[in-house]
Protein chains: 2
Amino acid sequence: MADINARTETDGPRGSGMTVTTGPIRGSRKIHVGPLKVAMREIMLDPSCAEPPLRVYDPSGPYTDAAATIDIQAGLPEIRSDWIRARGDVEEVDQREVRPEDNGLKGPDRSGGVEPFPNVRRRVLRAKPGANVSQMHYARRGIITPEMEYVAIRENVGRAELREKAARDGQDFGASIPDYVTPEFVRDEVARGRAIIPNNINHPESEPMAIGRNFLVKINANIGNSAVASDVAAEVDKLVWSIRWGADTVMDLSTGRNIHDTREWIMRNSPVPIGTVPIYQALEKVNGIAEDLTWEIFRDTLIEQAEQGVDYFTIHAGVRLAYIPMTAKRVTGIVSRGGSIMAKWCLSHHKESFLYERFEEICEIMKAYDVAFSLGDGLRPGSIADANDEAQFSELATLGELTQIAWKHDIQVMIEGPGHVPMHKIKLNMEKQLEACGEAPFYTLGPLTTDIAPGYDHITSGIGAAMIGWFGCAMLCYVTPKEHLGLPDRDDVKVGVVTYKLAAHAADLAKGHPAAQLRDDALSRARFEFRWRDQFNLSLDPDTAESYHDQTLPAEGAKTAHFCSMCGPKFCSMKITQEVRDFAAKQNAPADTFIAATSEADAERGMAEMKDKFRLSGSELYLPTT
Amino acid sequence: MADINARTETDGPRGSGMTVTTGPIRGSRKIHVGPLKVAMREIMLDPSCAEPPLRVYDPSGPYTDAAATIDIQAGLPEIRSDWIRARGDVEEVDQREVRPEDNGLKGPDRSGGVEPFPNVRRRVLRAKPGANVSQMHYARRGIITPEMEYVAIRENVGRAELREKAARDGQDFGASIPDYVTPEFVRDEVARGRAIIPNNINHPESEPMAIGRNFLVKINANIGNSAVASDVAAEVDKLVWSIRWGADTVMDLSTGRNIHDTREWIMRNSPVPIGTVPIYQALEKVNGIAEDLTWEIFRDTLIEQAEQGVDYFTIHAGVRLAYIPMTAKRVTGIVSRGGSIMAKWCLSHHKESFLYERFEEICEIMKAYDVAFSLGDGLRPGSIADANDEAQFSELATLGELTQIAWKHDIQVMIEGPGHVPMHKIKLNMEKQLEACGEAPFYTLGPLTTDIAPGYDHITSGIGAAMIGWFGCAMLCYVTPKEHLGLPDRDDVKVGVVTYKLAAHAADLAKGHPAAQLRDDALSRARFEFRWRDQFNLSLDPDTAESYHDQTLPAEGAKTAHFCSMCGPKFCSMKITQEVRDFAAKQNAPADTFIAATSEADAERGMAEMKDKFRLSGSELYLPTT
């Protein structure tokens, strides 16, 4: 098969120093389904298998669309603008003026040649006085928004409702995963608070997606740097790179200078929801002195970021004064940066957290832009020793209390979770979260299942992530190999995303998510039939799969060979199965013995084809060494 | 701290083309405990923490002993010879003469300059007529062997019995893990068949180790190549490399030519048990034509390998004729190479497997050398679609039946398991294995929890491995990133081993293995106190941890800095905890609030030290940017 869709890396336009990776993921193409043009990816398969292309969920946005024109300086098309305005509940207002301290107390650093985003909006949207523009508010009034419709089509990956329901194979621990996602189901889940659609009205570039236990498990990638100017380009590149490999949302955790400008570049070029931790920026505005933080500075930062379009805010409002001493006996104390900032503030003033006390005021801001809460776990355990302790669960109880307050305002909420947790304590985290927070979506970092493997913490945490995803966690925040050691580079971001993508998929399989197994089965059939290119293209990372294959068998011919480097051409365990099938046929075994797991037609076709292949190679199991 | 134990890579002796990595693992030293000189590793910690060195389990053998002289041409010292001979039940016999076909039908290939192992034994050991030299046989007669004593000390990692039993924190699913391993406990576990000590009497170089649910979870690394001559050196290097990073046993899966010679080099230089799949070599002797295999050729191969010292044989005696048609409807048929060889043989002759029919004769050979069975799962699932199917569980029932036959002969047995299994079906595998096979140790490949991530299958399988290890699997066979794609190189071997080591450790933690958490806690304390070098050295892979750290903060000073690259020097969440402790102290909180998880003394020392550090840096949480 001609490699017509090989990845092409193109420079960003206008020689800006901004470059991102564009072009289709190898062997696939972007499609847009239905009148809402829901973006998906189709993986083409070798004509020999006579299988239709496989559709997969695709958060990579226009960057992987061969037909799209990418202009980073202009930003992405505003696909949701009409939907937002059509609801008639928003007004245009002047954007809060950007102040020097928005880019750090010393103002922006232009030394790296980084300019403010050129196509910045001067007018932004806000709910009309008294209005609430959150998806939850619509949902609770029975309104199905285009965002909800988009999510429904997206979650079904374009499938029509199946005539016959396949027997569900999985253990879902009380989830309510439907066979087919209808817009009404999405609405109902959002109304109940069991799912969120993080879509700030000032981020109309975003493709709607849902985070909830009854949808596909999602993953988040963190980017952001201690901004020296030249890093802005690197962060935009990481954004595009992380969604290319499957990140469903991205958090911009930038600190330092240029923080406002960096975010603007990211927002305008992101097709996925962007989350932030606003206290990080607020801290920069007071030169890193936590005790100098005030509600007014924080509030102003929320509005600044909400106007830019941030889709969810991590707010550590559960770090209450009374809980802080509970961390004194811990091995690793407070490891959350946001949590420690608030702890420092509370201790210095010996006062209750202003995030907790002003929580209803925060809700008023959230509902004016539809920013979702991601209630931060500032007291999460930073080591196996500290897992599931009093501080952690006390905070979780408070997050549950705050969830109810947010829901009173019809604000979307998800709950952040740990951290470092040994395997036998993971399930309790999920159970307590569901109970304390009324089934609001859980969003966990890992958890890491041991502390002893720095350099491999994408794996120590991928284990915990797959498990908690299975138990019901809605979104998994990735961990890269650099965790605890340094800042992730581009390669680390990719490894982190792919690791979490496979963990999320393993969770979907185990939950019995309908159709999750289609991709596994398609890949396994390709493997069994020695369709090497299909095997690469169906994988989460076709480039790595092919390059690993080529390290052992580099010849082009090896990609169509009916053997692999494990057994070599002389004896192949895969090939024996054709003999088995023939044998079983001769034995007059019942007909269903011959049905491959997909369909009878597939099996018959496969058998006929395999026979042809054997005939060509001399009716032998052993092919001559090439 | 001076880096006195930095790794040194030295060439093998005599310019043989054989080179292996020697020298201590960074920051640690080899120790030998007690009169049996049980090998362990001690990780030295920075004097500032006043903690004793941390002892860890260490399968790396003399290669990491600074005091050892390594001569690959001579082989390792025979530490068990006296123990074996002292039992008075063995006799010396002439070694079966090496035939050309032992190195493949065309004989050995000397073109790569590879010679037979020079220091080969001409006389080998065998049980006296009527004797049974298996550890299980001794155990059942109430004899505690030096091997069992060695294992007891090793499993305790040199700890004396704790005066006060720590509260056990874990979920062990019915395992019987003792607080302290006595030699009698080891004997009893071996006698019951719940653990094996794979130690062929012709492999006196091996350091005894146990595989069983009530001991630390072990890992296996596969090496071996489709031997072109030059690969022998690479395989010896991979052996030493894989045990350096923690492989507890190694399987030599070599095929092709030089197969006998390769094995001899590996055996004589291995301090860990070596396993093989004898049918691979038998197949080479009949030029790869499975139907030409005979019991006589197979039997002769068993004796050849037993005389060389192979410690366990994978034997696919459960692939019965009647089960083969059950694989016809599978997506990926039979994926085990040994399983497909036997399926091919059974189909060609339309006869029951000679491995099954001759099983008692095989037992007679095993008991004469103390080779353990690793009963192969020739019908394991090769895809998610095929997991837990009729073929797989039918074979498992037969493996249970064969276990009872082997035990009748006092032969040690473990059971191989899958494969590809989604998370929700893993536990059933463990439960069925325990039930069908009378608690004989389970030894699984992964399992892989999804099929869609070739290139990352060390991770898809590491997830399943950690889980099944927790549920009770005794040994985890590693999977490298090259699985399904190509042959692992040195780097892949290391990644596979470290991934499985962390999975096994996560399982030990979750099972509540006593003292498993000591290393996590030591590393977390080092992390919290910014003892960077201790953090690296306590990790599973100090070299990678340090190199990742240095990519972001390369300066030597950064290794003693009280901050990391995540937050930078201005604000550090770790440091806030000292303030929290001071605050809690001022609040007159109860005394135990201040006890760090280790001990009160530690906590007090830690607090005093941290205070000193703060004083030195100006009583500020914020250190100046360097």
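(A) Molecular detail of the overall build of chain A. Along its length, chain A carries 20 helices and 19 strands. Counting the 626 residues in chain A, one finds 68% classified as buried. Taking all contacts inside chain A whose residues are at least 6 apart in sequence as the whole, residues at least 24 apart take part in 75%.

(B) Just the relation of the copies chain A and chain B, in detail. It takes a turn of 180° to lay chain A on chain B, together with a shift of 0.0 Å along the axis; the resulting RMSD is 0.0 Å. The two molecules are tied by a two-fold rotation axis, judged by turn and shift. Taking C-alpha positions as the reference, the residue of chain A nearest the rotation axis is A:Ile463, at 2.4 Å. Interface residue correspondence from chain A to chain B reaches 100%, placing this contact among same-surface, isologous pairings.

(C) Representation of the nonpolar core in the model. Of all hydrophobic cores here, the largest spans 312 residues; its most connected members are A:Phe373 and B:Phe373. Residue contacts for B:Phe373: discarding those within four places in its chain leaves B:Phe313, B:Ile315, B:Phe359, B:Ile362, B:Cys363, B:Met366, B:Ala406, B:Ile411, B:Gln412, B:Val413 and B:Met414.

(D) Focus on the packing of aromatic side chains. For the structure on display, the rule yields 28 aromatic pairs over all chains. Between the aromatic rings of A:Phe359 and A:Phe373, the centroid separation amounts to 4.6 Å while the plane-to-plane angle is 20°, which identifies the pairing as stacked. Placement of A:Phe359 in helix α11 (residues 359–369) and of A:Phe373 in strand β16 (residues 372–375) is noted, with a sequence separation of 14 residues between them. Here A:Phe359 matches A:Phe373 in class, with each residue buried. Put simply, the rings of A:Trp295, A:Phe298, A:Trp345 and A:Phe354 pair up and form one aromatic cluster. Directly above the aromatic system of B:Trp245 lies the positively charged group of B:Lys494, at a separation of 4.0 Å from the ring centroid.

(E) Here's a closer look at the side chain of A:Lys218. Residue and element names in this part refer to chain A. If you trace the backbone, Lys-218 turns up in strand β10 (residues 218–223). A polar side-chain atom of Lys-218 sits 2.6 Å from a polar atom in the side chain of Glu-155. In contact with Lys-218, not counting residues within four places along its chain, are Tyr-57, Glu-155, Met-209, Ala-210, Ile-211, Asp-248, Ala-474, Met-475 and Leu-476.

(F) Here's a closer look at unusual backbone geometry. With an omega of 10°, the peptide bond between B:Pro418 and B:Gly419 qualifies as cis. Position of B:Gly419 relative to the elements: it lies in the loop between β15 (413–417) and α13 (426–436). The step from B:Gly446 to B:Pro447 runs through a cis peptide bond, and the omega angle for that step is 10°. Tracing the backbone through its elements, the reader meets B:Pro447 in the loop between β16 (442–445) and α14 (457–471). The backbone of A:Lys37 shows a phi angle near 55°, a positive value even though the residue is not glycine. With respect to the helices and strands, A:Lys37 occurs in the loop between β3 (28–33) and β4 (38–43). Residues other than glycine seldom take positive phi values, yet A:Asn287 does so here, at roughly 60°. Residue position: A:Asn287 is located in the loop between α7 (278–285) and α8 (295–308). The class for A:Asn287 is partly exposed, based on a relative accessible area of 37%.

(G) Representation of the pairing of strand β12 (residues 249–252) of chain A within the structure. All names here are of chain A. Here β12 shows two buried faces, one formed by Thr-249 and Met-251 and the other by Val-250 and Asp-252. Relative to β12, β10 runs parallel, the two sharing four bridges. Paired with Ile-223 across the strands is Asp-252, a residue of β12. Of the pairings in the sheet, the one linking β12 to strand β14 (residues 274–276) comprises three bridges and is parallel in character. Within β14, the position partnered with Val-250 by the bridge is Ile-274.

(H) Looking closely at the interface of chain A and chain B. Contacts between chain A and chain B engage 113 residues on the former and 114 residues on the latter. Across the interface of chain A and chain B, roughly 9,500 Å² is buried in total on both sides, 67% from carbon and sulfur atoms. Seen at the junction of chain A and chain B, the total is two salt bridges. Note that A:Asp169 and B:Lys425 form a salt bridge whose closest N and O atoms lie 2.7 Å from each other. There are 18 residue pairs in polar contact (both at pLDDT 80 or more) connecting chain A and chain B. A per-element tally of the side of chain A that touches chain B places helix α15 (residues 490–511) of chain A first, with ten residues. Here the residues of the side of chain A that touches chain B are counted per class, giving 55 nonpolar, 36 polar and 22 charged.

(I) Molecular detail of the pattern of salt bridges. For the coordinates displayed, the defined rule picks out 105 salt bridges over all chains. Of the charged contacts, one joins B:Asp377 and B:Arg380 as a salt bridge, the two residues approaching to 3.6 Å between their closest N and O atoms. B:Arg380 carries the same exposure label as B:Asp377, and that label is buried. Between B:Arg531 and B:Asp534 there is a salt bridge whose closest N-O contact spans 2.7 Å. Among the ionic contacts, a cluster of salt bridges with common partners joins A:Arg96, A:Arg99, A:Asp102, A:Arg263, A:Lys285, A:Asp300 and A:Glu304.

(J) Expanded view of the sheet that holds strand β5 (residues 54–56) of chain A. Residues and elements named next belong to chain A. Taken in spatial order, the three strands make up an open sheet running β3-β4-β5, and their pairing is antiparallel. Both outer strands of the open sheet, β3 and β5, are each paired with one neighbouring strand and no more. In this sheet, neighbouring strand axes are inclined to one another by 40° on average, regardless of whether the strands run parallel or antiparallel. Note: β3 against β4, six bridges, orientation antiparallel. Of the residues in β4, the one forming a bridge with Arg-29 is Glu-42. Here helix α3 (residues 146–155) sits on the sheet and contacts β3 and β4; the angle it forms with β4, its principal contact strand, is near 10°. Of the strands in this sheet, β4 and β5 touch helix α16 (residues 517–528), which is tilted by about 140° from β5.

Reading the values: the criteria
Residues numbered from 1 in each chain as written. Chains lettered and ligands numbered in written order. Predicted model: local features only at pLDDT ≥ 70, side-chain atom pairs only at ≥ 80, totals over all residues. Heavy atoms only, no water. Helix = DSSP H or I, 4+ residues; strand = E, 2+ residues; numbered from the N terminus. Buried < 20%, exposed > 50% of the residue type's maximum accessible area, 1.4 Å probe, protein only. Contact = heavy atoms within 4.5 Å. Least-squares fit on C-alpha atoms with pLDDT ≥ 70 in both. Core = buried A, V, L, I, M, F, W, Y, C linked by side-chain atoms within 4.5 Å. Phe/Tyr/Trp six-rings, centres within 6.5 Å; stacked < 30°, edge-to-face > 60°. Lys NZ or Arg CZ within 6 Å of the ring centre and 35° of its normal. Polar contact = N/O pair within 3.5 Å; in protein donor to acceptor, adjacent residues only side chain to side chain. Pairing = 2+ DSSP bridges. Buried area = accessible area lost by both parts, 1.4 Å probe. Salt bridge = Lys/Arg side-chain N within 4 Å of Asp/Glu carboxyl O. Nonpolar A, V, L, I, M, F, W, Y, C, P; charged D, E, K, R; others polar. Axes fitted to C-alpha atoms, helices over the stretch in contact; angles between N-to-C directions.

Just distances and angles here, no functional claims.
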